[in-house]
Amino acid sequence: MPLPERRLPLPAVHPRPGLPARVRIWEVGPRDGLQNEPSIVPAPVKAQLVTRLAGAGLTTVETTSFVNPAWVPQLADAEEVFSLLAPLRAGHGPRDAQHPDLRLPALVPNLAGLDRARSCGVRDVCVFASATETFARKNLNRSRAEALEMSAPVVAEAKADGMGVRAYVSMCFGDPWEGAVREEDVVSVCDRLLEMGADELSLGDTIGVATSGQVVDLLGALARAGIPAARLAVHFHDTYGQALANTLTALSCGITTVDSSAGGIGGCPFAESATGNLATEDLCWALAGLGVETGVDLGRLAATSAWMATRLGRPSPSRVVQALTGGGRTAQASGGAG
Ligand code: HMG
Ligand code: MG
């Protein structure tokens, strides 16, 4: 007798008014997740992670960073990762991972990074700036204004080459050194990045301190400054467990692009107290329950994160991954990355 098919539990669907019909997920796990790992994950494992995420239906997978390798040794193998992904990008990867619209963006801080990315055939790049002075210095070794202006020629050259350009703004909701962040500082950095020619902005809650009312207030300030929700994404880290609540609030304010990290891995090596991003599985579970389309196969995604947890040697922090797969709870016994 054939075994009954094991069915994945799925949430009951109860749509609510005021939410988008579809959310575009910008997966950041391979970059934001792996940049903060104590161990260096081998390039073939990174390439396999990206391929499996594409196979789970994620169409934008931020792959790596072309930053100074002395600053982020975890991602010093960016060229090797892109070369391993060449078959996927050429449409010759596993059949299920082939999307005509698959995008594999990479972080670039300066023209040296852009040149490296271009030599790998990267078509989408992300520059990054800070709303606060201290984090600009910690993360980019420049004042806030200098760090911002380092992005200007990168955006100009990338746009001239027909690339897609996203700009991150870090510390939009609070800074571990400076405390509260003024909305007008976030607005002015966003204005400058759009003036440079960035296609879209991602509002970073780098240390995961935002609360829902604050999200409404900041999005309101940006709207009043003439920056439409359609040009914005939200990027919540989950330090205080508020990332999902903050994301749902942002969706009710008109945001339709959300950053998240498979398995909830992540953090920033240059920001005290930064933890992992909103887990993509937790986001997909909540959106499935609200009847919001993501195009993601939750079972395959959770299996990918459980597999990655075994490579990292510790369980995924995502409650949904734990519920659906046993969580990589077995991961603790299985050694380090590799
Ligand atoms: P610097 O030391 O001031 O750089 O770092 P420099 O311009 O003075 O150059 C120093 C050396 O680095 C030179 O080599 C350069 O060629 C080399 P040398 O002459 O000494 O042999 N160099 C590079 N090599 C390879 N690729 C490059 C590159 N640039 C310079 N791109 C720099 C300035 C911006 C480069 C450095 O501060 C850096 O790499 N910072 C990156 C920090 C980082 O990756 N942080 C994590 C990502 S941001 C984040 O996680 C937040 C986000 O998730 C949103 C949120 O959560 O808020 C996006
Ligand atoms: Mg981040």
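It should be noted that the structure appears before, not after, this text.
Please read these numbers as outputs of a predicted model, since none were measured by experiment. (Residues numbered from 1 in each chain as written. Chains lettered and ligands numbered in written order. Predicted model: local features only at pLDDT ≥ 70, side-chain atom pairs only at ≥ 80, totals over all residues. Heavy atoms only, no water.)

(A) Spotlight on the packing of aromatic side chains. Under the counting rule described, the total for this entry stands at four aromatic pairs. Centre to centre, the rings of Trp 71 and Phe 270 are 5.3 Å apart; their planes meet at 55°, and the pair counts as tilted. Separated by 199 residues along the polypeptide, Trp 71 in the loop between strand S3 (64-65) and helix H3 (78-84) and Phe 270 in the loop between strand S9 (257-260) and helix H11 (280-289) bring together distant segments of the chain. Here the aromatic rings of Phe 135 and Trp 177 are separated by 6.4 Å at their centres, their planes lie at 20°, and the arrangement is stacked. Of this pair, Phe 135 sits in helix H6 (residues 133-140) while Trp 177 sits in the loop between strand S6 (164-170) and helix H8 (183-196), and the two are 42 residues apart along the sequence. Residue Phe 135 is classed as buried on the basis of its relative accessible area, which comes to 1%. Owing to a relative accessible area of 28%, Trp 177 belongs among the partly exposed residues under this scheme. The ring of Tyr 168 carries the charged tip of Arg 31 above its face, separated from the ring centre by 5.5 Å. (Phe/Tyr/Trp six-rings, centres within 6.5 Å; stacked < 30°, edge-to-face > 60°. Helix = DSSP H or I, 4+ residues; strand = E, 2+ residues; numbered from the N terminus. Buried < 20%, exposed > 50% of the residue type's maximum accessible area, 1.4 Å probe, protein only. Lys NZ or Arg CZ within 6 Å of the ring centre and 35° of its normal.)

(B) Spatial organisation of the pattern of salt bridges. The final tally for this structure, using the stated rule, is 20 salt bridges. The salt bridge involving Asp 96 is made with Arg 300; its shortest N-O contact spans 2.3 Å. A residue pair is termed long-range when its members are at least 10 positions apart, and Asp 96 in the loop between helix H4 (86-89) and strand S4 (106-107) and Arg 300 in helix H12 (residues 298-312) qualify at 204 residues. In this structure, Asp 185 engages Arg 182 in a salt bridge whose closest nitrogen and oxygen atoms are separated by 3.0 Å. Judged by its relative accessible area of 17%, Asp 185 is buried. Its relative accessible area of 49% is what places Arg 182 among the partly exposed residues. Each of Arg 24, Arg 166, Glu 200 and Asp 259 takes part in a single network of salt bridges with overlapping partners. (Salt bridge = Lys/Arg side-chain N within 4 Å of Asp/Glu carboxyl O.)

(C) Seen up close, the packing of H6 against helix H7 (residues 144-160). Put simply, H6 and H7 touch, their axes get as near as 8 Å, and they point 55° apart. Compared by their axis directions, H6 and H7 come out oblique. Residue-level inspection shows Glu 133, Ala 136 and Leu 140 of H6 in contact with H7, the latter providing Arg 144, Ala 147 and Met 150. A class-by-class count of the residues in the contact of H6 with H7 yields four nonpolar, no polar and two charged. (Axes fitted to C-alpha atoms, helices over the stretch in contact; angles between N-to-C directions. Parallel < 35°, antiparallel > 145°, perpendicular 65-115°, else oblique. Contact = heavy atoms within 4.5 Å. Nonpolar A, V, L, I, M, F, W, Y, C, P; charged D, E, K, R; others polar.)

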